[in-house]
Amino acid sequence: MKLNSLRGMQDILPEESHVWQHIEENARGLLELYNYNEIRPPILEQAELFLRSIGEDTDIVEKEMYIFNDKKGRRVALRPEGTASVVRAYIQNSLFNNPSPQKFYYIGPMFRYERPQKGRLRQFHQIGVECFGIAAPSVEAEMLWILKQFFKKLNLKNLTYEINSLGCKKCRPSYKESLFNFLNHKIENLCSDCQRRFVKNPLRVLDCKVPGCREVLKDVPVMIDFLCNDCKTHFFGFQKELEDYEIKYSVNPHIVRGLDYYTGTVFEVTTTMLGAQNAVAAGGRYDDLVGYFGGPKTPAAGFAIGMERLVELSKDNLSIESKKPIVYVAYAGKGLDREVKRVISEIRKEGFIAERAYEDISLKNQLKKADKLGVEWVIIVGEEEIKSSLYKWKKMKEGTQGEAGLEEIIKLLREGR
Ligand code: ATP
Ligand code: MG
């Protein structure tokens, strides 16, 4: 029987995992400079957490959740996103008692039962950040700045920054009413999904990609024309900050995001390089969510970057240091295992990736293996070498060779680095 991985869930093999590691190390380094610290919530949570925060008539909750009963009949779900878990952890661990702002980042897998295609998987990975405790737009402006710095580090170009405001509890109802009235006359021109959305959550209609719906939406009223004074001030403040950071952005009043908890600022970073799956990162403010889950009223904002799309975009632009072995330690003769271990461990201690034979094979075959591995150096340990403490070394590419003590060999390796 041949067992394969599940549809939409892929192995990240070593050749590519080096790219992942490079991206993750850069993310950690950068985020920690901004005082974001890592949080690692569990991957499985009570389903309720996502059902209640993401919103019932969103794509994620409606069709994309991995949700099932555990052995005790508890309703659980594989997390489809990170924010809800971080909010839960923030409240459960009373992190609001720590000095504000509390800033977290996470890196890890997310699960959504979507139709797998290029750039869209059922297990995918996100790097995300969440900042709790600050209501000012300087937080989300800095987030876009961080994203810009990060993408620059990864040599990414052709990125577009789009922003919008979704208003708040005060101003959104009157907008929804106006949207409802507008769509009400045009229901028959909407796609079947949007006809359903119209009843349950008309805001969702705004980011429908179906051409017929886009046509209907041409002169749809937009939220930013309905913002209350507070939301307006916030949105202008945000834009002013982006100008300070010299981030080129555009206001796209159709961005509504696929999650219901957002309030005020939302943003998306897209690329022209990935075809249909063009969103690389997205986020926004969710000032009501902590309070909604029973924590103290706490303004908050966050974003998440899609790792697979990032890897796809950056893997050809990055020159990543090879993780291939540099040295092969071979033996000529029997009973030399101890000496091989001693020599190779000294070499590894110096930080060189080193490989050896683990079983009894001829020197000729060891050299063949070394050649296949593409090592730069072979060190040969034999009876003679142990006696004289001088080892044979061979530089593979140049074909040069000689004899030297271990210290001398390490010096040679260092010089070649
Ligand atoms: P999309 O519009 O592509 O469905 P989304 O709005 O559902 O994205 P978010 O929930 O905002 O995505 O997640 C943030 C980022 O995570 C996205 O911008 C994208 O890069 C990535 N992402 C989301 N869903 C997937 C998926 N199924 N496979 C791979 N990456 C994904
Ligand atoms: Mg989606």
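Refer to the structure printed above.
Residues numbered from 1 in each chain as written. Chains lettered and ligands numbered in written order. Predicted model: local features only at pLDDT ≥ 70, side-chain atom pairs only at ≥ 80, totals over all residues. Heavy atoms only, no water.

Thoughts on the pattern of salt bridges
Move 1: Summed over the entire model, instances satisfying the criterion amount to 30 salt bridges.
Move 2: For the salt bridge of K315 with E16, the shortest nitrogen-to-oxygen distance reads 3.4 Å. With a gap of 299 residues between them, K315 in the loop between α11 (307-314) and β12 (327-332) and E16 in helix α1 (residues 14-33) connect regions that are remote in the sequence.
Move 3: Looking at E16, the relative accessible area reads 27%, which means it is partly exposed.
Move 4: The partner of K169 in a salt bridge is D288, and the shortest N-O contact between them spans 3.7 Å. Within this pair, whereas K169 is found in the loop between β7 (159-165) and α6 (172-184), its partner D288 is found in the loop between β10 (279-285) and α10 (289-292), the two being separated by 119 residues in sequence.
Move 5: Among the residues examined, K169 registers a relative accessible area of 64% and is labelled exposed.
Move 6: Salt bridges sharing common partners tie together E62, D193, R196, R197 and K200. (Salt bridge = Lys/Arg side-chain N within 4 Å of Asp/Glu carboxyl O. Helix = DSSP H or I, 4+ residues; strand = E, 2+ residues; numbered from the N terminus. Buried < 20%, exposed > 50% of the residue type's maximum accessible area, 1.4 Å probe, protein only.)

Some words on a positive patch on the surface
Move 1: On the surface, a cluster of positive charge is contributed by K364, K368, K369 and K372.
Move 2: In this fold, K372 is placed in helix α13 (residues 363-373).
Move 3: The class for K372 is exposed, based on a relative accessible area of 79%. (Patch = residues over 30% accessible without salt bridge, like charges linked within 9 Å, V, L, I, M, F, W, Y side chains within 5 Å. Areas by Shrake-Rupley, 256 points an atom, 1.4 Å probe, with all protein chains shown as cover. Lys, Arg positive; Asp, Glu negative; His and termini not counted. Charge placed at Lys NZ, Arg CZ, Asp CG, Glu CD.)

Notes on the sheet that holds β10
Move 1: In space, the eight strands of this open sheet follow the order β1-β5-β6-β11-β10-β9-β7-β8, with mixed pairing throughout. Where the open sheet ends on each side, the last strands, each with one partner, are β1 (37-38) and β8 (249-251).
Move 2: With three bridges connecting them, β7 and β8 associate as parallel partners. Opposite I163, over in β8, you have V251 as the bridge partner.
Move 3: Packing of helix α9 (residues 229-244) onto the sheet brings it into contact with β7, β8, β9 (265-271) and β10, and relative to β7 it is tilted by some 160°. (Pairing = 2+ DSSP bridges. Contact = heavy atoms within 4.5 Å. Axes fitted to C-alpha atoms, helices over the stretch in contact; angles between N-to-C directions.)

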